[in-house]
Amino acid sequence: MKGLGIVTTQSSAEPTRRDFLYIATGAVAAVGAAAAVWPFVSQMNPDASTIAAGAPIEVDLTPIAQGQDIKVFWRGKPIYIMNRTPKQVEEAVKTPLSDLKDPETDQARTKAGHENWLVVTGICTHLGCIPIAHEGNYDGFFCPCHGSQYDSSGRIRQGPAPLNLPVPPYQFVSDSKIQIG
Amino acid sequence: MSGPSTYQPQNPVMKWLEARLPIAGLVHSSFIAYPTPRNLNYWWTFGAILSMMLAVQIVTGIVLAMHYTPETTLAFDSVERIVRDVNYGWLLRNMHAAGASMFFIAVYVHMLRGLYYGSYKAPREVLWILGVIIYLLMMATGFMGYVLPWGQMSFWGATVITNLFSAFPYVGDSIVTLLWGGYSVGNPTLNRFFSLHYLLPFVIAGVVVLHVWALHVTGQNNPAGVEPKTEKDTVPFTPYATLKDVFGMSCFLVFYSWFIFYMPNYLGDADNYIPANPGVTPAHIVPEWYYLPFYAILRSIPNKLLGVVAMFGAILVLLFLPWLDSCKVRSSRYRPLAKKFFWGFVATCLLLGWLGAKPAEGIYTVLGRVFTFCYFAYFLIVLPVLSRVEKTLPLPNSIADDVLAKGKVGKAVAASIAVLFAFGVTLGGGSTAKAAEHEESPPSQDWTFAGPFGKYDRAQLQRGFKIYKEVCSNCHSLKLLQYRNLAEPGGPEFTLDQAKAIAAEAQIKDGPNDAGDMFERPGRIADTFKSPFPNEQAARAANGGAAPPDMSLLAKARSYPRGFPQFIFDLFTQFQEQGPNYIDALLQGYQDTPPEGFNLPDGSFYNKWYPGHSIKMPPPLQDGMVTYDDGTPQTLPQYAKDVASFLMWAAEPHLEARKRLGLQVMIFLIILSGLLYFTKRKVWANAH
Ligand code: FES
């Protein structure tokens, strides 16, 4: 009567029927307990209405004058849409890749034929603050939290952030309208 | 938890810890080495089952609170969003709602066991009183939890129960205002009930710790009611009691899962699928089944204050039980008279429960008074007198003797089945509440989604949607559905493109835009079904004063009593289709000429199945009205059936997932219970 009764006794060298029963019971119970945890974890993920609400949105570009920008929200994230001046575009295109921490050409970050339009997710790649447009040393974005600076193509140039501001999936549906998502 | 531990750690880390915080020793002495009487029967596993249920309620409750909104205009919808959109939300909600009932079933078994075997007697008085306190806390928690979904029964239950306190002279009204935080049940009430409903389970858990502590000081009572004397009378808690408890828990989970996966609405009230409406009281306010006996006591006394006093007294009298029954013999096994009266008391409680669900009129009131008297007489007359006059049978010398003498497993099994059956009677009592009014029920149809393997018929749901769109949607909204639901698995399963096209046909109001104006745009699949009227007032004005109800939950919000004993069979046959049967019958139940002597108001129509028979809605469907492309007959009975199926899906979009997972869980639990049973037998073989 001492001990747990569940451990194998030393005298039985081979597994007995009893051991098999104990192991099987324990294993089935463990599988059940593990499976029961899943719904409690899964419920933390975005629910069906949140996922559905993340559908693509359309944005009209006509009100944005050159040198201005707007912020729209898609999936709860701010998206900067900037109508860049020719000077900004030129700076972005001319910057040699060797100057960049996260090398990427301006062409790769804009759509051909619409080079003046920069569309980036306005979330600092350091720790998630929102950078301010048209500030900093590179005519792009400046993050007030820990001083990251992005250029006019949204590429990281200085400060603790490791990566460029990401470009969300988008396309031009007409010359003055884009669809994000 | 009693005395210094015998635990001797070998591992140096454990030694170090034990010298500073003897927690391992505490666990060891409380749950491993702790001696338990070796003759405990399965009624003793309900303590473990209750601990499990408390844990389940706390865990599911915390998770539900992550998604629930305690605000009167949002609460009802937030619960529906949990059920419809949150991953496994339907499961968590069913677990929590059915879990409350399971908790009470287990606590009633546990209390009756204590009563039968005299577990409240010296030296276990404090243990018993702590138990009564836990029970009171459970009642309060359960009541406040039932208010949170903010349906009709939630609201009116809250109103009625809080008004109990208005019975107290002088201070009554002030107390009620204080409870409400306003001049009626409203948003402040909901907020505080949510807060307290979250708090109280942790208070319960705290008192449970005291309860277990007290238990471990005095030791467990046992069926023989004699204290263990030698080591031969006891076995260590682990593995003997633990395995028995785990086996009991596993069997209880099978019972619990039956409700979670197959009968989620059996224990609830259909009226609670109608959002709270402070202007309309449901025809019958019936509390949850576990309060019914006390509700019957309340109503049987014709004086407001005395009724309330009697109701609370019925619970508080339990606190004095250790002194009301002074018989030295604990177990009713050796008290032939007390045993008979015990079963009489059980019957009294069940009958009071049945009466609590009946309308308070005629013979029911008389019976209510008789059984209220019986209830109190048991505690205040029978037990005190019996303890003085009863001739008890000789007790066994020791627990070991008792174990050798008995072998009546069959009897215990029979008793368990009888008790479960009796519980079934009370549980279903609520559904008979309205039986007196209706002479006839709508005919039961064959539904593809009925039974444990039920599935929706896709083509039927698509046809039903067509009827909704072309006919019903002119007046009825479907506010809890979004166009995307049409393409989701388990429903009509339109293709995504079809759903998009359906959505785009609707003009949805959006905005404001940059200029601050509202504008209309074609619907997207994430949009909610467009309502035919901008608000309830407009709906009412356009329909002769009666707003057409929202149809999202119609199939679950309409029901009819099945009567005794049918509702007990329903539990086993998984009958849950009252709603669709009613809708199907209603659509076909119009009669051009009302029966002789029926006075039909102007602008109303006679319908055989509508409560009161006078309905404002004109007959909505006629043969040939909607064109079917798949060759299905275009007749009224077919239309009625198709649209009723569609509405069932609208009310319960995850029905298929629920039944599918239910089957898996059931198979798993039955295998687990079987394995545990054999393991337990193997282990106990050493002890005999
Ligand atoms: S978050 Fe932007 S610099 Fe740290």
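Note that the coordinates shown come from a computational prediction; the quantities given were computed from them, not determined experimentally.

Analysis parameters
- Residues numbered from 1 in each chain as written.
- Chains lettered and ligands numbered in written order.
- Predicted model: local features only at pLDDT ≥ 70, side-chain atom pairs only at ≥ 80, totals over all residues.
- Heavy atoms only, no water.
- Helix = DSSP H or I, 4+ residues; strand = E, 2+ residues; numbered from the N terminus.
- Rg over C-alpha atoms; globule rule 2.2 N^0.38 Å.
- Buried < 20%, exposed > 50% of the residue type's maximum accessible area, 1.4 Å probe, protein only.
- Contact = heavy atoms within 4.5 Å.
- Areas by Shrake-Rupley, 256 points an atom, 1.4 Å probe, with all protein chains shown as cover.
- Lys, Arg positive; Asp, Glu negative; His and termini not counted.
- Charge placed at Lys NZ, Arg CZ, Asp CG, Glu CD.
- Domains from an automatic or database assignment.
- Salt bridge = Lys/Arg side-chain N within 4 Å of Asp/Glu carboxyl O.
- Polar contact = N/O pair within 3.5 Å; in protein donor to acceptor, adjacent residues only side chain to side chain.
- Nonpolar A, V, L, I, M, F, W, Y, C, P; charged D, E, K, R; others polar.
- Pairing = 2+ DSSP bridges.
- Axes fitted to C-alpha atoms, helices over the stretch in contact; angles between N-to-C directions.
- Parallel < 35°, antiparallel > 145°, perpendicular 65-115°, else oblique.
- Core = buried A, V, L, I, M, F, W, Y, C linked by side-chain atoms within 4.5 Å.
- Phe/Tyr/Trp six-rings, centres within 6.5 Å; stacked < 30°, edge-to-face > 60°.
- Lys NZ or Arg CZ within 6 Å of the ring centre and 35° of its normal.
- Left-handed = near helix turned anticlockwise from the far one by under 90°.
- Disulfide = S-S within 2.5 Å.

Asks: Can you tell me about the overall build of chain B, naming the residues and giving the values?
Replies: Broken down by element type, chain B carries 25 helices and seven strands. For 688 residues, the compact-globule formula gives about 26 Å, and the C-alpha radius of gyration of chain B, at 29 Å, lands near that figure. Each of the three principal axes of chain B carries a C-alpha extent, and together these read 85 × 65 × 50 Å. The burial tally for chain B puts 52% of its 688 residues in the buried class. In chain B, once contacts between residues fewer than 6 apart in sequence are set aside, the share between residues at least 24 apart is 77%. Here chain B has roughly 31,200 Å² of accessible surface; of this, 65% comes from carbon and sulfur atoms. Chain B carries 54 positive and 48 negative side-chain charges, and their two centres are separated by 14 Å.

Asks: Residue-level account of the domain arrangement of chain B, with values.
Replies: Residues and elements named next belong to chain B. The assigned domain composition of chain B is domain 1 (1-32), domain 2 (41-227 + 235-273 + 280-285) and domain 3 (458-481 + 528-653). Using only C-alpha atoms to locate each centre, domain 1 and domain 2 end up separated by 33 Å. The interface of domain 1 with domain 2 comprises five residues on the first partner and seven residues on the second. Our enumeration of links across domain 1 and domain 2 arrives at zero salt bridges. Our count for the domain 1 to domain 2 interface comes out at four residue pairs in polar contact (both at pLDDT 80 or more). For the side of domain 1 that touches domain 2, the residue count by class is three nonpolar, two polar and no charged.

Asks: Explain the pairing of strand β5 (residues 132-135) of chain A to me, using residue names and the numbers behind them.
Replies: On any regular strand, side chains alternate: one points to one face of the sheet, the next to the other face. Bridging between β5(A) and strand β6 (residues 140-142) of chain A involves three bridges; their strand directions are antiparallel. Paired with E135(A) across the two strands is G140(A), which belongs to β6(A).

Asks: Break down the environment of I64(A) for me, citing the residues and quoting the values.
Replies: As for its placement among the helices and strands, I64(A) is situated in the loop between β1 (57-60) and β2 (69-74). Taking the C-alpha atoms as reference, I64(A) lies 9.8 Å from S176(A); in sequence the two are 112 residues apart.

Asks: Got a sec to walk through the packing of helix α8 (residues 172-180) of chain B against helix α9 (residues 187-218) of chain B? Specific residues and values, please.
Replies: All names here are of chain B. Running from N to C, α8 and α9 cross one another at 75 degrees; their axes reach a closest spacing of 7 Å. Between α8 and α9, the interaxial angle falls into the category roughly perpendicular. Across the interface between the two elements, L178, L179 and W180 of α8 pack against P188, T189 and R192 of α9. For the contact of α8 with α9, the class distribution of residues is four nonpolar, one polar and one charged.

Asks: Can you explain the nonpolar core? Please cite residues and give values.
Replies: Residue and element names in this part refer to chain B. With 116 residues, the main nonpolar core has F104, Y108, Y135, F294, Y375 and F379 as its most contacted residues. In terms of residue count, helix α5 (residues 89-116) provides more of this core than any other element does, 17 residues in total. Of the residues that make up this core, three or more belong to each of domain 2 (41-227 + 235-273 + 280-285) and domain 3 (458-481 + 528-653). In contact with F104, not counting residues within four places along its chain, are Y135, M138, M139, W289 and Y290. Residues Y273, A506, Y560 and Y639 belong to the second largest nonpolar core, which totals 52 residues.

Asks: Give me the environment of A53(A): which residues, what numbers.
Replies: Within the secondary structure layout, A53(A) lies in helix α2 (residues 48-53). Spatially, the C-alpha atom of A53(A) lies 22 Å from that of I130(A), the residues being 77 residues apart in sequence.

Asks: Residues and numbers for the packing of aromatic side chains, please.
Replies: All names here are of chain B. Evaluation of the coordinates by the stated rule reveals 54 aromatic pairs over all chains. Between Y375 and F376, the aromatic rings sit 5.4 Å apart at their centres with planes inclined by 75 degrees, giving edge-to-face as the arrangement. F376 shares its class with Y375; the two are buried. A network of ring pairs unites the aromatic residues F465, Y468, Y483, F494, F529, F646 and W649 as a single cluster. Just above the ring of Y628 sits the side chain of R463; from NZ or CZ to the centre is 5.5 Å.

Asks: For the sheet that holds strand β4 (residues 117-121) of chain A, give the residues involved together with the corresponding values.
Replies: All names here are of chain A. In spatial order, the strands read β2-β3-β4; together these three strands make up an open sheet with antiparallel pairing. If you trace the sheet from one side to the other, it starts and ends with β2 and β4, each paired once. The average angle at which neighbouring strand axes cross in this sheet is 20 degrees, direction not considered. Bridging between strand β3 (residues 77-83) and β4 involves five bridges; their strand directions are antiparallel. Within β4, the position partnered with I79 by the bridge is T121.

Asks: Give a detailed account of the packing of helix α3 (residues 46-65) of chain B against α5(B), specifying residues and quantitative values.
Replies: Residues and elements named next belong to chain B. Remark: α3 packs on α5, axes separated minimally by 9 Å, with the N-to-C direction vectors making an angle of 155 degrees. One element, α3, and the other, α5, form an angle in the roughly antiparallel class. Considering the relative orientation of α3 and α5, their crossing is left-handed. Seen from α3, the contacting residues are F46, G47, I49, L50, M53, L54, V56, Q57, T60, G61, V63 and L64; seen from α5, they are L92, R93, M95, H96, G99, A100, M102, F103, A106, V107, V109 and H110. Tallied by class, the residues present in the contact of α3 with α5 amount to 16 nonpolar, seven polar and one charged.

Asks: Before we move on, can you summarise unusual backbone geometry with the specific residues and values?
Replies: Here the amide bond leading from A122(B) into P123(B) is cis, since omega sits at 5 degrees, within 30 degrees of zero. On the secondary structure map, P123(B) appears in the loop between α5 and α6 (125-147). That bond from T238(B) to P239(B) is cis: its omega, 5 degrees, falls within 30 degrees of zero. If you trace the backbone, P239(B) turns up in helix α10 (residues 237-262). Residue H134(A) is not a glycine yet carries a positive backbone phi of 60 degrees. With respect to the helices, strands and loops of the structure, H134(A) is situated in strand β5. Relative accessible area serves as the criterion here: at 34%, H134(A) is assigned to the partly exposed category. With phi around 60 degrees, W150(B) is a residue other than glycine that occupies positive phi space. Mapping W150(B) onto the fold places it in the loop between α6 and α7 (152-163).

Asks: Now, about the side chain of D47(A): what can you tell me, with residues and values included?
Replies: Relative to the elements of secondary structure, D47(A) occurs in the loop between α1 (17-42) and α2. One buried charged side chain, D47(A), makes no salt bridge at all; its nearest oppositely charged neighbour is R81(B), positioned 6.2 Å away. Excluding residues within four positions of it along the chain, D47(A) makes contact with D85(B) and V86(B).

Asks: Requested: an account of the pairing of strand β10 (residues 177-180) of chain A, with residues and values cited.
Replies: Residues and elements named next belong to chain A. Residues of β10 alternate between two faces, with I178 and I180 buried on one and K177 and Q179 left unburied on the opposite face. Pairing of β1 with β10, which is carried by four bridges, proceeds in the antiparallel orientation. When the bridges of β10 are listed, D60 appears paired with K177. Across four bridges, strand β9 (residues 170-174) lies against β10 in antiparallel orientation. In the sheet register, Y170 faces β10, and the bridge partner there is I180. Linking β9 to β10, which pair antiparallel, is a turn of two residues.

Asks: Summarise the state of the cysteines; cite the residues concerned and give the values.
Replies: Taken as a whole and judged by the stated rule, the model has one disulfide over all chains. Between the sulfur of C129(A) and that of C145(A) lies a disulfide, 2.0 Å long from S to S. In this structure the cystine formed by C129(A) and C145(A) twists about its S-S bond by roughly -90 degrees; its chirality is therefore left-handed. With C129(A) in the loop between β4 and β5 and C145(A) in the loop between β6 and β7 (149-150), this pair connects stretches of sequence that are 16 residues apart. Between C374(B), a free cysteine, and C349(B), which holds the nearest cysteine sulfur, the sulfur-to-sulfur gap is 10 Å. C475(B) forms no disulfide, and the closest cysteine sulfur to it belongs to C472(B), at a distance of 9.1 Å. Overall, C475(B) belongs to the partly exposed group, its relative accessible area being 29%.

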